[in-house]
Amino acid sequence: MEAAAAEPGNLAGVRHIILVLSGKGGVGKSTISTELALALRHAGKKVGILDVDLCGPSIPRMLRAQGRAVHQCDSGWVPVFVDQEQSISLMSVGFLLESPDEAVVWRGPKKNALIKQFVSDVAWGQLDYLVVDTPPGTSDEHMATVEALRPYSPLGALVVTTPQVVSVGDVRRELTFCRKTGLQVVGVVENMSGFVCPHCAECTNVFSRGGGEELARLAGVPFLGSVPLDPELTRSLEEGRDFIRDFPNSPAFPALSSIAQKVLSQAPARLS
Amino acid sequence: MKTVKHKILVLSGKGGVGKSTFSAHLAHGLAEDENTQVALLDIDICGPSIPKIMGLEGEQVHQSGSGWSPVFVEDNLGVMSVGFLLSSPDDAVIWRGPKKNGMIKQFLRDVDWGEVDYLIVDTPPGTSDEHLSAVQYLSAAHIDGAVIITTPQEVSLQDVRKEINFCHKVKLPVIGVVENMSVFICPQCKKESQIFPPTTGGAEVMCQDLKIPLLGKVPLDPHIGKSCDKGQSFLTDAPDSPATLAYRSIIKRIQEFCGHHPPKEEHLIGS
């Protein structure tokens, strides 16, 4: 690692870091983060997922890891492996809650402290990609995450929106956040793009259309692709199945694979 | 706040379930009666969607001797949002907790709402600074209760249970839960699909378990998104849509709740 002044620490073995952001809630950041991680794993990469959504940590459930205990080792917390082959590791505040219904009602400073710990005290080991899922907004968690990751030069940010103007309106602000904090934007993903009726195959733009491409154009960043609505995807994630393996015929599959390929073909790793 | 009769917080643990959409249309619905004064306060500092949904983008806020004036959509419907204080649609409000709290305090203290029958407070997702501050600053003046919005799938309900927990912790009465994006009716074949499947029984089962009223289920109508994008009231754009009917029934139940629990009463419902 080139930054000799900073202690390499637990992120020294991580070759790429991707922050998944949105200004808007409910656009599918956690879903896209999980799917991106699975797609990268299917491309043979070793992946870690860091879930810094302290108020709404959804990823443990998606990967069928809720209720797992977190252990400590000499270097810090051991992330939870969610697959037999130990190619996907996960750290989420969800693991630290006593009960899944317990609310984390913390103000900013306490959230900042936990995120700093998450970033520096998790013994990730060697990873090709660390995907960092964030809550919606541009506040404490985001600033804390970027500040904590800054010494490790993150690869960049993947920004998620849905097609309608109300989402794009918020996500524009997120892109400003990226600019102000010096985060390179890998691209924009438009989620929930259209729903194909299973009865008659008519495609309806349930959440309007066109927002993702428009946003990418406005901000001058790459448009990575549109992911359609797929209730089977929702069902599968809720039930913690391996979506990519189980649903190769899903309308969302080609979109997600293509997005993963674009991420893989981005700038080389920061470590030689 | 002394001139505000009823205060309703619109909450969800989860983002993107339709809080702002619901808040806006609750405001529109209540304001259809010209004699009802309605105020809509958007305390989502990072993602203020209310100006867009209410067709007020680009509007400015004015200050007078008595404080900030809300922006009026109708004579009896005033709106305040941090969105009105931003000069460009790209401006990001990158504030930490204490600064956000300061802004919320200002909104609640320094806006000259006048005589208001209903103040609706739209919140960001989560259970953090904004929610704690709003409850703290408002509770001295009595909050009628919270309406909690969810979508049918477990990933939303998971967060909503935490939100309900939050309400209990801060002794905020829960008026009830609205299940949004319930069912999708194909405009072509009219058959129903569940885009967000209720894998664990949806809001209905959760409400039964937690003994909280389910105020109603709103189907997914693509026209809702379009109306919001245009800044128009969906209730007037599509008066016959099943979604409009659902909204109206829910609004009525909220009015009934507020009517049965007039201001100054201290007893807690649902805790």
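This one's a predicted model, so the numbers in the text were calculated from it and none came from an experiment. (Residues numbered from 1 in each chain as written. Chains lettered and ligands numbered in written order. Predicted model: local features only at pLDDT ≥ 70, side-chain atom pairs only at ≥ 80, totals over all residues. Heavy atoms only, no water.)

**Notes on the confidence of the model for chain A**
Here is step 1: Mean pLDDT for chain A: 81, with 88% of residues reaching 70 or above.
Here is step 2: When the criterion is pLDDT under 50, residues 1-7 of chain A qualifies, and its contacts beyond four places in sequence or with other chains add up to 7 contacts. (pLDDT = per-residue confidence, 0-100. Contact = heavy atoms within 4.5 Å.)

**Quick look at the packing of aromatic side chains**
Here is step 1: All chains considered together, the criterion is met by 3 aromatic pairs over all chains.
Here is step 2: Note on F195 of chain A and F184 of chain B: the rings are 5.2 Å apart at their centroids and 85° apart in plane angle, and the pair reads as edge-to-face. Separated into two different chains, F195 of chain A in strand β10 (residues 195-196) and F184 of chain B in strand β10 (residues 184-185) make up a pair that spans both.
Here is step 3: For F195 of chain A, a relative accessible area of 2% puts it in the buried group.
Here is step 4: F184 of chain B gets classed as buried once you look at its relative accessible area, which sits at 1%.
Here is step 5: Between F22 of chain B and Y247 of chain B, the ring centres sit 5.7 Å apart and the planes meet at 20°, which makes this aromatic pair stacked. One end of the pair, F22 of chain B, is in helix α1 (residues 19-31); the other, Y247 of chain B, is in helix α9 (residues 242-260), with 225 residues separating them in the sequence. (Phe/Tyr/Trp six-rings, centres within 6.5 Å; stacked < 30°, edge-to-face > 60°. Helix = DSSP H or I, 4+ residues; strand = E, 2+ residues; numbered from the N terminus. Buried < 20%, exposed > 50% of the residue type's maximum accessible area, 1.4 Å probe, protein only.)

**Considerations on the UniProt feature "binding site: [4Fe-4S] cluster" (unreviewed entry) in chain A**
Here is step 1: Feature annotation in UniProt assigns "binding site: [4Fe-4S] cluster" (unreviewed entry) to the following positions: C197 and C200 of chain A.
Here is step 2: Looking at the secondary structure, you find C197 of chain A in the loop between β10 and β11 (203-204).
Here is step 3: A relative accessible area of 2% means that C197 of chain A is categorised as buried.
Here is step 4: The contacts of C197 of chain A, once residues within four sequence positions are left out, are E202 of chain A together with C186 and C189 of chain B.
Here is step 5: Relative to the helices and strands, C200 of chain A is located in the loop between β10 and β11.
Here is step 6: By relative accessible area, which is 30% here, C200 of chain A ends up partly exposed.
Here is step 7: If we ignore the near neighbours within four places in the chain, the residues touching C200 of chain A are C186, Q188 and C189 of chain B. (UniProt positions renumbered as here; feature names shortened; annotations may be inferred.)

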